[in-house]
Every structure is written in structure tokens, then in C-alpha cells.
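Residues per chain are reported as follows:
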Amino acid sequence: MPKLFVLALGLLPWIPAVLCEATSGREHVVLEGQSLTVPCHYEPQYAGHVKYWCLGKTREFCTSLARTDGPRSASPAEDKVSISDHEDQLLFSVTMNNLKEVDSGWYMCGVEIGGMWSADVVTHTHIKVIHGLSVGSSQVSGEEGSSVTVECLYSERYRESEKKWCRSGNSSSCLLTGSEGSYEDTSVAISDDRTRTFTITLKKLQLRDSGWYWCYAGQQRIAVSVVVTPRPTTTVSVTLTPSQSAVRLHPAKSITQQSWNGHSHIMVSLLPCASLILLVGMAILAWQLWRRHGPSYPFLERDPEKARINPHCVCDLQNNAVIFHNRDSQDIA
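Residues numbered from 1 in each chain as written. Predicted model: local features only at pLDDT ≥ 70, side-chain atom pairs only at ≥ 80, totals over all residues. Heavy atoms only, no water.

Right, let's talk about the state of the cysteines for a bit. Counting across every chain of the model gives four disulfides. Here Cys54 engages in a disulfide with Cys62; their sulfurs sit 1.8 Å apart. Across the disulfide from Cys54 to Cys62, rotation about the S-S bond amounts to roughly 100°, and the bridge is consequently right-handed. Between the sulfur of Cys166 and that of Cys174 lies a disulfide, 1.9 Å long from S to S. In this structure the cystine formed by Cys166 and Cys174 twists about its S-S bond by roughly 115°; its chirality is therefore right-handed. For Cys174, a relative accessible area of 22% translates into the label partly exposed. Numbered by position along the chain, the disulfide-linked cysteines of the chain connect as 1-4, 2-3, 5-8, 6-7. (Disulfide = S-S within 2.5 Å. Buried < 20%, exposed > 50% of the residue type's maximum accessible area, 1.4 Å probe, protein only.)

The following block contains the structure:
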């Protein structure tokens, strides 16, 4: 029994603390020459503890690469490995720069607990560094008439290799970046940053541009699907202000007793005016006729010898005798 107890104590440091782990992603695949940041989460009770990052699968055989209690670098972005604790987010992050294929392997996020009988809180992460080509997204889509951008990522060894963009099934459609690392026409623009990315921009998309394409870096290639959707039809809605609104002519309403009563006071006011105007007109007409023709009395005579009165003579009717021509009166005389 004592021997078994001693053996158990000897194996205790080798037993991984699977029931109290920090958590992170299980595997990361990255292109050679690129950087990788790994977040490692922990429980609130470990906020003040030391965190570390090491290469290996067990604590005893894990090569330490960075610790939160280690010296701070003046330029973490240039360091091979850097570590930073974010206690407000309950995680610490590890960044590895300029990865090479030899950096592939198992790594460990760890929270140092301390003490002989307490195991550290750890989790394991596998990093695989590959050379070749990848894309930010294997499918891009855009509306007809718009533009889309494809990012093709390549590893360090393809930095000086020729880059090209080809339509699948049509080798004559390939567009090359050339010695300056760029190409552009009215529908396509290609730019190589000569570090790890070349970018293809498809301009003024048309429906016929939909299909599969290839990103090439040297002999490496990767497929990208481009989907062009039709331009949606839009209905223009015009809102007019009252001053801009069209005038609508409504049908004439029939005259009703109510509408007649409403306008009767206008008719009452117009009748006297109309009568007065008519009378004045008649008086003017009579005066004009009188001036043109003068008075004419054919039955009046000045003396018995005259049967008519000169129409141009103005006679005194009060001082002249009136003689009536009557055949009976002559006989009596």
C-alpha cells in the first residue's frame, strides 16, 4: 500500500487537469509567413494569476514561450511571440508572428495555480502552418452594376511568384499581374502587395460574370465562386406639395333649392341695377331718335288753306285755331 501511494504521488504532476481547463480553439491552420492570435479564456477566480504560453502537450515537457509576469517588450508586433492579459474580459491572448512550417505543433494555454498539490489550469491548441494559397471567402456576391473584391492569400515562398486570375474552363481568360504586381482594365483590377495578399476587384458586374474562378500563385491555385444578382426594380414615388398638386375639375353640381337659396340674395341685388340700366338705355335711344327726326303732327294746320304743318316749323299751338276737316260740317254750313 505505501508503494502504491508513493507511485500515485509520482504520477500526479503528469495527470492533465481536464476538469479545470482554460478554453481556446482546438486547431488553427495558417499560411506560412502570416501571424496568428489565440484567445485563452479563464474563470473569474483566476484573474490575478500568472498566465503562460508554451510549446508542448504536458506541463513538465512544455517549452515556455511567453509569460504575463515576464519582461515587457517595447515592440510586441515585431516579437516572435507576445502575450497580454485582459482581466476585464477574463481572457489572455497570445500572438505569434511570421510563422514557419517548423512552428507547427501542439501548444498550451496555462494559468499557473502554484503549490505542490495543485495542477495548473491548461488547455491544448494545435497550430498547423502550411505553404500554399487560401482565400478570405470562397464565395462572393454582388448586385448587377456594383463591384466585389476577392482576397487571395499566399504563403511566403510564393511572394515573388506570378499571380493571376482565371475563369474556370477558359485558360485564355487569365489576367496576370505582371512585373509591377498589378493589372487593370475597365472590368477587373488586380493588385499584389508583395507580402501575402493579392486582391482582385470585379467592377461593373454583369449577370454573365457569375461563375467559378481560380486564384493562382505560382502553381498553387484555389477556387472562388462569384454570384451576380439582378438589379432590383424600383418604383419611384413622387410626393407633391399642395402648390404642385394637379388641379382636379369636379363635375358641375345640379342646382338645388338649397343652392338657389344660397345665391338668391345676389339676384335680388342685381335686378334693380338691371332695371335702371334698361331705363337709361331706352331714354338715350328716344332722345337720339328725337334729335334725328324732330316732332311731327300731321293733323295740325295753321290756317284753312294749309292741310299740313311744315315739319321743320315750330308752331304755337295755343294761339292758332284748330280746324277739323269734316265733310258733314261743310254741308251744314
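With that out of the way, let us pick up the pattern of salt bridges. Oppositely charged side chains may form a pair once their charged atoms are brought near each other. This model, assessed by the stated rule, comprises 13 salt bridges. Arg59 is the salt-bridge partner of Asp120, the closest N and O atoms lying 3.1 Å from each other. In this pair, Asp120 is assigned in the loop between β7 (105-111) and β8 (121-130) and Arg59 in the loop between β3 (51-55) and β4 (63-67), connecting sequence segments 61 residues apart. Exposure remark for Asp120: the relative accessible area of 14% places this residue in the buried category. For Glu184, the salt bridge goes to Lys203, with nearest N and O atoms at 3.2 Å. Placement of Glu184 in strand β14 (residues 182-184) and of Lys203 in the loop between β16 (197-202) and β17 (211-217) is noted, with a sequence separation of 19 residues between them. By sharing partners, the salt bridges in this structure join Arg59, Arg67, Asp69, Glu112 and Asp120 into a single network. (Salt bridge = Lys/Arg side-chain N within 4 Å of Asp/Glu carboxyl O. Helix = DSSP H or I, 4+ residues; strand = E, 2+ residues; numbered from the N terminus.)

Right, let's get into the environment of Asp69. With respect to the helices and strands, the residue Asp69 is situated in the loop between β4 and β5 (81-86). Along the sequence, Asp69 and Val50 sit 19 residues apart, while their C-alpha atoms lie 6.3 Å from each other. At 2.9 Å, the side chain of Asp69 forms a polar contact with the side chain of Arg67. (Polar contact = N/O pair within 3.5 Å; in protein donor to acceptor, adjacent residues only side chain to side chain.)

What follows covers the confidence of the model for the chain. Caution applies to low-pLDDT parts of the model: their predicted coordinates are not meant to be read in detail. Looking at the chain as a whole, its pLDDT mean stands at 78, while 69% of the residues score no less than 70. Here residues 4-9 is modelled with pLDDT under 50, and outside its nearest four sequence neighbours on either side it reaches one contact, counting other chains as well. Residue range residues 311-333 is modelled with pLDDT below 50. Its contacts to residues more than four positions away, or to other chains, number 11 contacts. (pLDDT = per-residue confidence, 0-100. Contact = heavy atoms within 4.5 Å.)

A word on the sheet that holds strand β15 (residues 188-192). Sheet architecture is open: five strands sit in the order β9-β11-β16-β15-β14, paired in antiparallel fashion. The open sheet is flanked by β9 (133-135) and β14, the only strands paired with a single partner. Averaged over all adjacent pairs, the angle separating strand axes in this sheet is 15°, with direction ignored. (Pairing = 2+ DSSP bridges. Axes fitted to C-alpha atoms, helices over the stretch in contact; angles between N-to-C directions.)

Before going further, it helps to spend a moment on the nonpolar core. Val150, Trp165, Phe198, Ile200, Leu202 and Cys215 are the most contacted members of the largest nonpolar core, which totals 22 residues. Here this core gets four residues from one element, more than from any other, and that element is strand β11 (residues 148-154). Beyond its immediate sequence surroundings of up to four residues, Trp165 is in contact with Val150, Ser173, Cys174, Leu175, Ile190, Ile200, Leu202, Tyr213, Trp214, Cys215 and Val224. In terms of nonpolar packing, the next biggest core, distinct from the first, is built from 21 residues, Val30, Val94, Leu99 and Ile127 among them. (Core = buried A, V, L, I, M, F, W, Y, C linked by side-chain atoms within 4.5 Å.)

The next subject is the environment of Val94. Inspection of the secondary structure assignment puts Val94 in strand β6 (residues 91-96). The sequence separation of Val94 and Cys109 amounts to 15 residues, and the corresponding C-alpha distance is 8.7 Å.

This part takes up the packing of aromatic side chains. Counted by the stated rule, this structure contains four aromatic pairs. Residues Trp165 and Tyr213 carry aromatic rings whose centres are separated by 5.0 Å and whose planes lie at 10° to one another, so their mutual orientation is stacked. Remark: Tyr213 occurs in strand β17 and Trp165 occurs in strand β12 (residues 163-167); sequence separation between them is 48 residues. By the burial criterion, Trp165 is buried, and Tyr213 matches it. Geometry around Tyr52 places Arg59 over its ring, the cationic atom sitting 4.3 Å from the centre. Just above the ring of Trp214 sits the side chain of Arg221; from NZ or CZ to the centre is 3.7 Å. (Phe/Tyr/Trp six-rings, centres within 6.5 Å; stacked < 30°, edge-to-face > 60°. Lys NZ or Arg CZ within 6 Å of the ring centre and 35° of its normal.)

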